[in-house]
Amino acid sequence: MRIAMIGTGYVGLVSGACIADFGHQVTCVDKDSGKISALNRGEIPIYEPGLEEIVRSNVGQGRLSFTTELSASLHEADAVFIAVGTPSRRGDGHADLSYVYAAAREIALGLKRSTVVITKSTVPVGTSDEIERIIRELRPGIDVAVVSNPEFLREGAAIHDFKHPDRIVVGTDNQRAKAVLTEIYRPLYLNRAPILFTGRRTAELIKYAANAFLATKISFINEVADLCEKVGADVQEVARGIGLDNRIGPKFLHAGPGFGGSCFPKDLRALIKTAQDYDVQMRILEAVETVNDTRKRAMAKKVSSIFGGVLRGKTIAMLGLTFKPNTDDVREAPSLALVTALQDMGAQVRAYDPVGMEQAKQVLADVTYCRDPYDCVEEADAVVIVTEWEQFRALDLERARDLMACPVMVDLRNVYLPEDVKKHGFAYISVGRFPSQQPVNLAGTPFSIAASV
Ligand SMILES: NC(=O)c1ccc[n+]([C@@H]2O[C@H](COP(=O)([O-])OP(=O)(O)OC[C@H]3O[C@@H](n4cnc5c(N)ncnc54)[C@H](O)[C@@H]3O)[C@@H](O)[C@H]2O)c1
């Protein structure tokens, strides 16, 4: 099959490369000429493990190409995917659909024959209806089926997720479209990934409901973590104790600095807005959002509490800037709010992230970016683990302690065992683990005493 993929970001590039890997002929289109030039030079504009190999191999075998020109790729396309961004609209939190509708108009104007248009972008209920209306209005003579096919891949594990999905959701009642989607995903279907055919609006809502539910689990366990700190319980054990119940499951029950990234915050906001448009109040989701928003600044307070609430003149080393490991994406990462809050309190911030620093530089000012974790902690008054990159899980703690002005670790991802860190002379606080939450207050404390806390 001949496929055009509009949008060559985290979803479009991964989907395009994987669909080419299934044996289809894919043209990835993007308006960003810098991105397309880089791809045509063999450079991958995003960090995603395994992506470079799969792109290189499919380009080499002539199944995958990149262009800024949509019209040429439309001429023979059996299917056209829309995988452009749907960020939060400034001001009101609705999904900004301007990129999606612009793509729909471009498709309409460039089409030469009937095709199937597939919405892979995460879009509010009713968006595919509007895409269909736009295309029909501009090209009344061309037969186009518009399908909702939301994507569930996770950045950092995107290739695996695309090729081993828990399910493929296809929202359409058009028989031709069903046949085309079945053919595109045939290799996955043969691997027994279930294809769930639904109505188009249902498919659109499935995506939002899935993300909102996962976000709910995170805010839930974060509130449980707060309670653990007060009552002397350990949130890791609580999470394990409830997660072993099959009805609950262990995933997305890791207490931490709150969720971020390019999807959960904006999708949660957009779902709440959609519900409001239809006079439905989603109180649980409103609370999930509030809990998450307040949490990020609360994490800054957790750091400042060590110094009696006074961070002026302190240097804080941040390990990890991306919203999760194995991606370079810093969109709505907890680190952003945390850095700003620490700076507001007068702290100097040093930071290190294995791949996210270039993206972070575009949104964070007055941060000293460092070469590696040890460069980062040098002369710092506290080190904060913000993203659980593998390389932060086994730091040389003695080396770090000797480099720091004051050996304090704030582990917002609970990657260390409190006793392991403390035995190296650190004051250690983490999230929701009571034994580590004894009030640590180093305000005015000389180094030697601090080291023994
Ligand atoms: N990132 C994820 O993990 C993830 C997972 C599932 C679903 N989604 C959804 O997938 C969609 C895309 O997300 P993303 O993270 O890949 O976005 P992104 O911002 O990384 O990429 C979007 C790309 O679309 C391009 N674009 C915009 N308008 C265009 C047009 N008219 N023609 C050609 N190119 C155009 C942009 O230049 C950009 O390169 C969003 O709706 C998102 O919510 C994302």
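The coordinates are above.
Residues numbered from 1 in each chain as written. Predicted model: local features only at pLDDT ≥ 70, side-chain atom pairs only at ≥ 80, totals over all residues. Heavy atoms only, no water.

Here we come to the packing of aromatic side chains. We describe a pair of aromatic rings using the distance from one ring centre to the other and the angle between the two ring planes. Summed over the entire model, instances satisfying the criterion amount to six aromatic pairs. An angle of 45° between the planes, with centres 6.3 Å apart, marks the rings of F162 and Y185 as tilted. Of the two residues, F162 is situated in helix α7 (residues 158–163) and Y185 in the loop between α8 (175–184) and α9 (186–190); the sequence distance between them amounts to 23 residues. Taking 6.1 Å as the distance between ring centres and 70° as the angle between the ring planes, the aromatic pair formed by Y352 and F392 counts as edge-to-face. You can see Y352 sitting in strand β10 (residues 348–352) and its partner F392 sitting in the loop between β12 (382–385) and α17 (397–403), a full 40 residues away along the chain. Each of the two residues, Y352 as well as F392, counts as buried. A network of ring pairs unites the aromatic residues F22, F162 and Y185 as a single cluster. Here R167 stacks its cationic end above the ring of F152, 3.6 Å away from the centre of that ring. Stacked on the ring of Y369, the Lys or Arg K361 has its end atom at 5.5 Å from the ring centre. (Phe/Tyr/Trp six-rings, centres within 6.5 Å; stacked < 30°, edge-to-face > 60°. Helix = DSSP H or I, 4+ residues; strand = E, 2+ residues; numbered from the N terminus. Buried < 20%, exposed > 50% of the residue type's maximum accessible area, 1.4 Å probe, protein only. Lys NZ or Arg CZ within 6 Å of the ring centre and 35° of its normal.)

The next point concerns the environment of D344. Within the secondary structure, D344 sits in helix α14 (residues 334–344). Classification of D344 as partly exposed rests on a relative accessible area of 48%. The spatial distance from the C-alpha of D344 to the C-alpha of L311 is 9.2 Å, given a sequence separation of 33 residues. What D344 contacts, discounting residues up to four positions off in sequence, is R297 and R312. (Contact = heavy atoms within 4.5 Å.)

What follows is about the packing of helix α12 (residues 264–277) against helix α13 (residues 283–306). Where α12 meets α13, the closest approach of the two axes is 10 Å, and the angle between their N-to-C directions is 145°. Considering the relative orientation of α12 and α13, their crossing is left-handed. Taken together, the residues of α13 that come into contact with α12 (itself represented by L268, R269, L271, I272 and Q276) are L285, E286, V288 and E289. For the contact of α12 with α13, the class distribution of residues is five nonpolar, one polar and three charged. (Axes fitted to C-alpha atoms, helices over the stretch in contact; angles between N-to-C directions. Left-handed = near helix turned anticlockwise from the far one by under 90°. Nonpolar A, V, L, I, M, F, W, Y, C, P; charged D, E, K, R; others polar.)

Turning to the site of the ligand, a few remarks are in order. Around the ligand, a shell composed of 27 residues is seen, among which D30, K35, T86, E155 and K266 lie nearest. Separating an oxygen atom of the ligand from a backbone N or O atom of Y10 is a distance of 3.0 Å. Contact distances for the ligand include 3.4 Å between a nitrogen atom and a side-chain N or O atom of E106. Calculation on the ligand without its partners gives an accessible area of 830 Å², and the protein chains cover 90% of this total. The set of elements that each furnish at least two residues to the shell around the ligand consists of α1 (10–21) and α5 (98–110). (Near = heavy atom within 4 Å. Polar contact = N/O pair within 3.5 Å; in protein donor to acceptor, adjacent residues only side chain to side chain. Areas by Shrake-Rupley, 256 points an atom, 1.4 Å probe, with all protein chains shown as cover.)

Another aspect to go through is the pairing of strand β13 (residues 408–411). Side chains V408 and V410 project from β13 onto one buried face, and the interleaved M409 and D411 project onto a second face that is buried too. With three bridges joining them, β12 and β13 adopt parallel strand pairing. Within the sheet, the bridge partner assigned to V384 lies in β13 and is V410. For the crossover that starts at β12, traverses α17 and ends in the parallel β13, the hand is right-handed. Strand direction decides the pairing type here: β13 and strand β14 (residues 427–429), joined by three bridges, are parallel. Counterpart to M409 in the pairing with β14 is Y428. (Pairing = 2+ DSSP bridges. Right-handed = clockwise from strand over helix to strand, strands pointing away.)

Treat this as a map of the structure, not an account of what it does.
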